[in-house]
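So you can see what is in the structure, the chains are spelled out below.
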Amino acid sequence: MSSTAFSGDETAPFFGFLGAAAALVFSCMGAAYGTAKSGVGVASMGVMRPELVMKSIVPVVMAGVLGIYGLIIAVIISTGINPKAKSYYLFDGYAHLSSGLACGLAGLSAGMAIGIVGDAGVRANAQQPKLFVGMILILIFAEALALYGLIVGIILSSRAGQSRAD
């Protein structure tokens, strides 16, 4: 490539795109696990108490939101990678990689927590309805883990482009 077509480090976009992919893939893995594990609990509980199925769908919805967090970060990162318009250095690529990993891995861990709590929670709620509020609170705290990753991912992504004054 000629120097007029590309400015910055030629390998830097690889790390940026890897961050975008990591955010989406890991968040969706967490969402898929949380949905599947909670869905098994809902199906098992629905055999005995079918009237509680709609009330017990909350963990499935909360797990699905995790994929959206990864999508948001992936879009933010991918729109920030345009080395022909603005110099893109290794610092920027690493900032985007860390942004994607922070959001993606936080989403994966939150999805695992939501899946386990959702599965056990909906089954327990079928036997003792007083447990519903406690289950929801635990699910909110598990979802907050992914939200922390989203916030840190946005902050880290905003650091890209601050490595040098162009």
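Residues numbered from 1 in each chain as written. Predicted model: local features only at pLDDT ≥ 70, side-chain atom pairs only at ≥ 80, totals over all residues. Heavy atoms only, no water.

> Would you explain the state of the cysteines in this entry?
Note: disulfide means a covalent bond formed between the sulfur atoms of two cysteine side chains. Under the definition given, this model contains zero disulfides. Take Cys28: it sits in no disulfide, and the sulfur closest to it among the cysteines is that of Cys103, at 10.0 Å. (Disulfide = S-S within 2.5 Å.)

> When you look at the UniProt feature "transmembrane region" (unreviewed entry) in the protein chain in this model, what are you seeing that I'm missing?
Summarizing the sequence annotation, UniProt attributes the feature "transmembrane region" (unreviewed entry) to residues 12-36, 57-77, 97-119 and 131-156 in the numbering used throughout. Along residues 12-36 the backbone is 100% helical and 0% strand, and the end-to-end C-alpha distance reaches 36 Å. With 95% helix and 0% strand, residues 57-77 has end C-alpha atoms that lie 32 Å from one another. (UniProt positions renumbered as here; feature names shortened; annotations may be inferred. Helix = DSSP H or I, 4+ residues; strand = E, 2+ residues; numbered from the N terminus.)

> What is the right way to look at the pattern of salt bridges in this model?
As enumerated under the stated definition, the model contains three salt bridges in all. For Arg123, the salt bridge goes to Asp119, with nearest N and O atoms at 2.7 Å. Here the residue Arg123 and the residue Asp119 both occupy positions in helix 3 (residues 90-127), the gap between them amounting to four residues, near one helical turn. Under the relative-accessibility criterion, Arg123 is labelled partly exposed at 34%. Note on Asp119: relative accessible area 11%, which makes it buried. (Salt bridge = Lys/Arg side-chain N within 4 Å of Asp/Glu carboxyl O. Buried < 20%, exposed > 50% of the residue type's maximum accessible area, 1.4 Å probe, protein only.)

> When you look at the environment of Asn82 in this model, what are you seeing that I'm missing?
Inspection of the secondary structure puts Asn82 in the loop between helix 2 (58-79) and helix 3. For the pair Asn82 and Pro13, spaced 69 residues apart in sequence, the C-alpha separation works out to 8.4 Å.

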